[in-house]
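# A look at the structure
Spelled out from the first residue to the last, the chains are:
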Amino acid sequence: MTATLQPSPTQPGAARPIVDISGLDVGYVRHRKVQPAVTGLRLSVAPGEIVAIVGESGSGKTTVANAIIGLLPENGRITGGSALVDGIETAGAKEKVLRTLRGCVVGLVPQDPMVGLNPTQRIGNQIAEAVRLRGVPRDEVRAEIIAVLEQAGVPDPELRARQYPHELSGGLRQRVLIAIALAGHPKIIIADEPTSALDVTVQKRILDHLTNLVRDTGISLVIITHDLAVAADRADRVVVMQAGRVVEEGEPRTILVRPRRDYTRQLIAAAPGLAHGGELVPRYEVRRDTLPAPILSLTGVTKSFRVTLPTGGHDNFQALSDVSIQVPRGQTHALVGESGSGKTTALRIALGLERPTSGSVVLEGVEISGLSWAKQRPLRRQVQIVHQNPFAALDPKFTIKQSIIEPLVSFKVGDRRSRAARARELLDQVALPSAYLDRLPTELSGGQRQRIAIARALALKPSLLLLDEPVSALDVSVQAQILDLLTELQREFGLSYLFVSHDLAVVSQISHTVSVISKGEIVEQGPVAEVFRDPQTAYTRELIAAIPGHAAARSSDRGSAEPVRHGVEA
């Protein structure tokens with residue numbers, strides 16, 4: 001069957017839209033006043049259509065999704081307009097009415113699988129709840145659970161149904177959320193940032209599966225994302241939101257080739273997969289024979305962990321095998337690979353938090369792998385880490401000032417006055433006003449929190465920063481700002497970076513050299529420009545091919561070529 005797009009709901013003879021929003025106004029009550037979050041929204045979704053809603057954090061994307069299915073927080077208010085779902089008005093509807101739509105008409109795939117899944121219940125029990133709401137007889141529920149797990153692309157569904165969420169990888173947990181959404185046989189699925197925290201290869205598999213479900217079942221799909229590259233690759237129609245309003249709408253190719261708004265052009269520029277016609281263009285051109293001496297070297301590092309088997313016995317799991325990495329002084333070396341490839345284990349060994357089973361770790365000319373904690377501590381002033389999640393990296397009870405000066409207090413550097421001066425200096429270096437010193441982390445955005453985490457890492461004037469996926473949880477525009485900040489700090493202070501990432505597009509923007517790691521082994525390494533332009537392994541080529549935006553960029557380059565459609569045959 002040839003996959004074609006259903007007629008647009010605005011055309012004569014078109015099918016009734018599954019979602020039809022007109023003039024919708026949504027706000028949040030703060031200090032007894034309603035602060036607008038979405039204003040005058042008009043949006044429709046046809047049967048079998050994929051619509052992507054794109055915008056930065058705070059643009060109103062998730063508010064729209066929650067308003068559609070009546071899941072606004074307690075202080076959320078729909079103050080005007082209409083939101084029809086399968087012909088039923090949800091704006092101002094009672095909870096009893098909304099419950100008839102959730103699951104059976106609208107399925108939701110939330111952003112964070114660990115928040116969306118109950119950690120105390122087995123996977124099968126959580127899917128069973130959605131199955132029973134359809135009135136499926138008890139003796140048929142088990143078969144339905146297995147069938148929906150298979151439909152969501154979960155391998156070995158019998159085993160997975162018996163497992164708990166913590167026993168699954170991020171990609172599998174996200175597929176379980178898709179299975180729960182499918183279990184109610186909905187007419188439309190709303191996927192809220194369904195892949196923002198996943199590796200690019202896992203992200204591609206999840207999005208491939210969602211678009212295949214649209215083609216095979218005829219359901220509609222709304223993808224909410226901050227990444228225009230993801231939207232352009234997958235959607236039949238892209239809706240760009242800014243500050244609660246729709247600023248642009250159209251087919252992906254039209255949006256990419258002829259964006260009308262500066263805001264849309266900024267989103268395109270911030271998406272590495274869309275820049276330069278979808279090709280990776282590394283920032284730095286370096287040669288192997290001109291690299292500076294390393295500030296950090298891992299040589300022949302192997303790491304094994306003792307694990308308990310389900311049968312009760314034990315075995316050794318080898319996380320790293322003969323890994324050798326060098327970080328050139330004053331430059332950025334990237335460590336790239338999928339989840340479970342050994343990136344974080346290598347980072348922990350470099351920081352001295354784990355001891356290698358064998359091999360050598362040399363920092364600033366000192367072998368640290370065999371040193372005691374007390375002897376390693378003085379070296380810790382030379383190396384600091386910036387974590388992946390800016391929301392979890394800061395103590396919510398500490399003010400920004402307390403967080404930044406914490407390393408100074410720990411190492412007994414300076415007095416109260418000099419520490420306060422250093423905190424103001426650091427905020428200036430990460431381009432934040434000193435007025436933020438008295439704020440709490442909850443009062444800052446994700447990008448601002450990551451800047452604070454970087455400021456704290458710089459407090460002791462280290463020579464090496466270990467950056468563990470420092471931008472993967474951020475919007476692409478904020479991501480670009482953080483990468484530019486890191487580049488400027490490196491230029492100003494001569495910092496060296498070990499940059500851990502799964503995203504080669506991000507690596508190309510900041511790194512001089514790269515090591516590609518797979519299943520605990522380095523499969524390829526060298527200057528970024530050399531490795532990315534002529535990858536020698538299939539694994540590296542797969543990582544490059546999975547970068548969001550490649551397909552859309554190629555389609556827009558073809559000009560008049562027809563964009564790919566994901567709907568069902570009309």
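To start, this report covers the structure provided alongside it. Treat the numbers as computed from the prediction; the structure is a model and nothing was measured.

### Notes on the pairing of strand 14 (residues 358-363)
Bridging between strand 14 and strand 15 (residues 366-367) involves two bridges; their strand directions are antiparallel. Across the sheet, the residue bridging to L363 is V366, located in strand 15. Counted between consecutive antiparallel strands, the loop separating strand 14 from strand 15 contains two residues, among which E364 sits at a positive phi close to 50°.

### Considering unusual backbone geometry
Located in the positive-phi region is D156, a residue other than glycine, with phi close to 50°. Mapped onto the fold, D156 is located in the loop between helix 5 (138-151) and helix 6 (157-162). Looking at D156, the relative accessible area reads 43%, which means it is partly exposed. Its identity as a non-glycine residue notwithstanding, E469 has a phi of 45°, on the positive side. Structurally, the position occupied by E469 is in the loop between strand 17 (464-468) and helix 17 (476-493).

### A short note on the sheet that holds strand 7 (residues 188-192)
The strand order across the open sheet built from six strands is 6-7-8-3-9-10, with neighbouring strands paired in mixed fashion. Looking at which strands have only one partner, the edges of the open sheet turn out to be strand 6 (106-109) and strand 10 (245-250). Each neighbouring strand pair of the sheet contributes to a mean axis angle of 20°, computed without reference to strand direction. Pairing geometry for strand 3 (residues 50-54) and strand 9 (residues 237-242), over four bridges, is parallel. From the neighbouring strand, I53 faces strand 9, where its bridge partner is V239. The strands that helix 7 (residues 170-183) touches are strand 6 and strand 7; relative to strand 6, the one it contacts most, it runs at about 170°.

### So, the side chain of Q376
Mapped onto the elements of the fold, Q376 is located in helix 13 (residues 373-376). What makes Q376 buried here is its relative accessible area of 7%. A polar atom in the side chain of Q376 sits 3.4 Å from the backbone oxygen of L371. In this structure Q376 touches L351, G352, I368 and L371, once residues within four positions along its chain are discounted.

### Regarding the pairing of strand 10
The pairing of strand 9 with strand 10 spans five bridges and is classified as antiparallel. Opposite V240, over in strand 10, you have E248 as the bridge partner. In this structure, the hairpin formed by strand 9 and strand 10 is closed by a connection of two residues, where A243 is found at a positive phi of approximately 50°.

### With respect to helix 16 (residues 446-458)
The terminal C-alpha atoms of helix 16, which comprises 13 residues, lie 19 Å apart, in line with the 18 Å expected from a rise of 1.5 Å per residue. By the criterion of burial, helix 16 is predominantly enclosed, with twelve of the 13 residues buried. If you check which residues of helix 16 are buried, you get G446, G447, R449, Q450, R451, I452, A453, I454, A455, R456, A457 and L458. Lining the buried residues of helix 16 we find strand 16 (383-386), helix 14 (400-410), helix 15 (416-429), strand 17 and helix 17.

### Topic: empty space enclosed by the protein
With a probe scaled to a water molecule rolled over the atoms, the places where space remains empty come into view. Considering all chains together, one arrives at three cavities of 30 Å³ or more under this definition. Taken together, A350, L351, G352, L363, I368, Q376, L379, R380 and V383 make up the full set of residues lining the second largest cavity. Here the lining of the second largest cavity is composed, by residue class, of six nonpolar, two polar and one charged.

### A look at the packing of aromatic side chains
Inspection of every chain in the model, using the stated rule, returns zero aromatic pairs. Directly above the ring of F305 sits K303, whose terminal nitrogen or CZ lies 5.1 Å from the centroid. One residue, R377, lies across the ring of F411, its end atom 4.2 Å from the ring centre.

### A closer look at the pattern of salt bridges
For the structure shown, the criterion picks out 23 salt bridges. Among the salt bridges present, the one from K303 reaches E354, with a minimum N-O distance of 3.7 Å. Residue K303 is located in strand 11 (residues 294-308), and its partner E354 is located in the loop between helix 12 (343-351) and strand 14; the two are separated by 51 residues in the primary sequence. R348 serves as the salt-bridge partner of E354, at 3.5 Å between the closest nitrogen and oxygen. Judged by its relative accessible area of 33%, R348 is partly exposed.

### Things to note about the layout of surface pockets
Computed from the structure, the second largest pocket encloses a volume of approximately 660 Å³. Every residue lining the second largest pocket is counted, 21 residues in all, and those nearest its centre are R102, G103, L108, A130 and I180. Counting residues per element, the ones that place at least two in the lining of the second largest pocket are strand 6, helix 4 (123-132) and helix 7.

### Things to note about the nonpolar core
Counting residues in hydrophobic clusters, the biggest one holds 56 residues, and the most contacted among them are I127 and L149. The dominant element in this core, judged by the number of residues it contributes, is helix 7, at eight residues. Among all residues touching I127, those that are not within four sequence positions of it are I145, V148, L149, A179, I180 and A183. F411, L427, A455 and Y497 belong to the second-largest nonpolar core, a separate cluster that totals 38 residues.

Basis of the calculations
- Residues numbered from 1 in each chain as written.
- Predicted model: local features only at pLDDT ≥ 70, side-chain atom pairs only at ≥ 80, totals over all residues.
- Heavy atoms only, no water.
- Pairing = 2+ DSSP bridges.
- Helix = DSSP H or I, 4+ residues; strand = E, 2+ residues; numbered from the N terminus.
- Buried < 20%, exposed > 50% of the residue type's maximum accessible area, 1.4 Å probe, protein only.
- Axes fitted to C-alpha atoms, helices over the stretch in contact; angles between N-to-C directions.
- Contact = heavy atoms within 4.5 Å.
- Polar contact = N/O pair within 3.5 Å; in protein donor to acceptor, adjacent residues only side chain to side chain.
- Expected span 1.5 Å × (residues − 1).
- 1 Å grid on protein atoms, 1.4 Å probe; cavity = no way out; pocket = protein on both sides within 12 Å on 5 of 7 lines; lining within 4 Å.
- Points joined across faces, edges and corners; volume = space filled by probe spheres on them.
- Nonpolar A, V, L, I, M, F, W, Y, C, P; charged D, E, K, R; others polar.
- Phe/Tyr/Trp six-rings, centres within 6.5 Å; stacked < 30°, edge-to-face > 60°.
- Lys NZ or Arg CZ within 6 Å of the ring centre and 35° of its normal.
- Salt bridge = Lys/Arg side-chain N within 4 Å of Asp/Glu carboxyl O.
- Core = buried A, V, L, I, M, F, W, Y, C linked by side-chain atoms within 4.5 Å.

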